[in-house]
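Close look at the chain arrangement
The chain contents come next:
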Amino acid sequence: MESDPNHLRDPYKPDADDGGEPPDLECAICFCQFNNVFNTPKVLECKHTFCLECLARMNVKSTHPNTIQCPLCRAYTPLPDLGLPKLANDSTVLSYLPAAMQHVYSIRFNRNKGKLQVKRVPSSAPAQNVSQSLDVGNPAGEEGESGSARERSVLITILRTPLCKAFIMSSVAIMTVILVITIILILRSAG
Ligand SMILES: [Zn+2]
Ligand SMILES: [Zn+2]
């Protein structure tokens, strides 16, 4: 256990690249590059590493909110009392990230709202265009209420879809034209 979560890469340390192979710098679930915000590399007890966002998405959907099951080996990792973002960072992966990403953002995980939020920006961080919060989905159904909420959100999504809007607009236009033609025909036959 010589791995210290605050460990920074020391280029003169002889075992800085023990094993020879650099670690995977992409999350095995979402294939996103690890970073120091929502895609912080988090290591489970089984030593498998995934990004914080994927673990949060899994936890939100899970019926066992106090543990995380590794998607690779199915081992369970109990969540820290202070929440998912307090899982140990993978210091090996972090050490391979650019210097600007060596300091991890302080993130809050709100499971009930399915949100990850930036709590504190590291003082050393250069000005970055980082969004302050990230939706990771709705919590796994507790009551039947969530079902109707989901239907409602699907409906809203459909109404927001530009294609559907275009369809509705064009049908209204066609109806108007038909109506006008009918009125003209009626007026002509009457006259
Ligand atoms: Zn991921
Ligand atoms: Zn595992």
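It should be noted that the structure appears before, not after, this text.
I will try to describe carefully the structure that is included in this document. (Residues numbered from 1 in each chain as written. Chains lettered and ligands numbered in written order. Predicted model: local features only at pLDDT ≥ 70, side-chain atom pairs only at ≥ 80, totals over all residues. Heavy atoms only, no water.)

1. Regarding the overall build of the chain
Secondary structure summary: the chain contains 4 helices and 7 strands in total. Seen in sequence order, the chain has helices and strands lined up from the N terminus as β-β-α-β-β-α-β-β-β-α-α. Taken across its 191 residues, the chain has 28% of its residues classed as buried. Expressed as a percentage of contacts within the chain between residues at least 6 apart in sequence, the contacts between residues at least 24 apart total 48%. Surface summary for the chain: the accessible area is close to 13200 Å², and the carbon and sulfur share equals 58%. (Helix = DSSP H or I, 4+ residues; strand = E, 2+ residues; numbered from the N terminus. Buried < 20%, exposed > 50% of the residue type's maximum accessible area, 1.4 Å probe, protein only. Contact = heavy atoms within 4.5 Å. Areas by Shrake-Rupley, 256 points an atom, 1.4 Å probe, with all protein chains shown as cover.)

2. Notes on the side chain of Thr-40
As for its position among the elements, Thr-40 is in the segment before β1 (41-43). For Thr-40, the residues in contact, after removing those within four places along its chain, are Phe-34, Asn-35, Phe-50, Cys-51, Leu-52, Asn-89 and Val-104.

3. A few points about the coordination of the zinc ion (ligand 2)
In a perfect tetrahedron of four donors around a metal, the angles come out at 109.5 degrees. In a perfect octahedron of six, they are 90 or 180 degrees. Bound to the zinc ion (ligand 2) are the protein donor atoms Cys-46 (SG), His-48 (ND1), Cys-70 (SG) and Cys-73 (SG), situated 1.9 to 2.3 Å from the metal. Geometry at the zinc ion (ligand 2) is tetrahedral, judged from the 4 donor atoms that bind it and their angles of 105 to 115° at the metal. Sequence positions of the residues that donate to the zinc ion (ligand 2) give the spacing C-x1-H-x21-C-x2-C. You can see His-48 sitting in the loop between β1 and β2 (49-51) and its partner Cys-73 sitting in the loop between β3 (67-69) and β4 (76-78), a full 25 residues away along the chain. Residue class for Cys-73 comes out partly exposed when judged on its relative accessible area of 37%. (Donors = N, O, S within 2.8 Å, 3.2 Å for Na, K, Ca; no water. Tetrahedral: all angles 85-135°; square planar, octahedral: opposite > 155°, others 65-115°.)

4. Focus on the sheet that holds strand β5 (residues 106-110)
The strand order across the open sheet formed by 3 strands is β5-β6-β7, and the pairing between neighbours is antiparallel. Where the open sheet ends on each side, the last strands, each with one partner, are β5 and β7 (133-135). Strand-to-strand, the axes of this sheet are offset by a mean angle of 25°, without reference to chain direction. Alignment of strand β6 (residues 115-120) against β7, held across 3 bridges, turns out to be antiparallel. Pairing of Lys-115 across the sheet is with Asp-135, part of β7. (Pairing = 2+ DSSP bridges. Axes fitted to C-alpha atoms, helices over the stretch in contact; angles between N-to-C directions.)

5. What about helix α1 (residues 52-61)?
Here α1 lies mainly inside the structure; 7 of its 10 residues are buried. Within the span of α1, buried status applies to Leu-52, Glu-53, Cys-54, Leu-55, Ala-56, Asn-59 and Val-60. Here the buried face of α1 lies against β1, β2, β3, β5, β6 and β7.

6. Examining the nonpolar core
Membership of the largest hydrophobic core comes to 28 residues, with the highest contact counts inside it found for Leu-84, Ile-107 and Leu-116. Within the residue set of this core, elements represented by two or more residues are β2, α1, α2 (91-95), β5 and β6. For this core, the element with the highest residue contribution is α1, accounting for 5 residues. (Core = buried A, V, L, I, M, F, W, Y, C linked by side-chain atoms within 4.5 Å.)

7. Re unusual backbone geometry
A positive phi is found at Phe-31, a non-glycine position, where the angle reads about 60°. Among the secondary structure elements, Phe-31 is positioned in the segment before β1. Its identity is not glycine, yet Lys-47 carries a phi of approximately 75°, on the positive side. Take Lys-47: it is sitting in the loop between β1 and β2.

8. Focus: the pairing of β6
Summarising the sheet, β5 and β6 pair through 5 bridges and their orientation is antiparallel. Each bridged residue has a counterpart across the sheet, and for Ser-106 the counterpart in β6 is Arg-120. Hairpin connection between β5 and β6: a loop of 4 residues separates the two successive antiparallel strands, and Gly-114 in this loop has a positive phi of roughly 65°.

9. Things to note about the coordination of the zinc ion (ligand 1)
Taken together, Cys-27 (SG), Cys-30 (SG), Cys-51 (SG) and Cys-54 (SG) make up the full set of protein donors to the zinc ion (ligand 1), lying 2.2 to 2.3 Å away. Each of the 4 donor atoms around the zinc ion (ligand 1) contributes to a set of angles spanning 101 to 118°, which defines the coordination as tetrahedral. Counting residues between consecutive donors of the zinc ion (ligand 1) along the chain gives the motif C-x2-C-x20-C-x2-C. Here Cys-27 is found in the segment before β1, whereas its partner Cys-51 is found in strand β2, with 24 residues between them in sequence. The pair Cys-27 / Cys-51 is uniform in exposure class, with both members buried.

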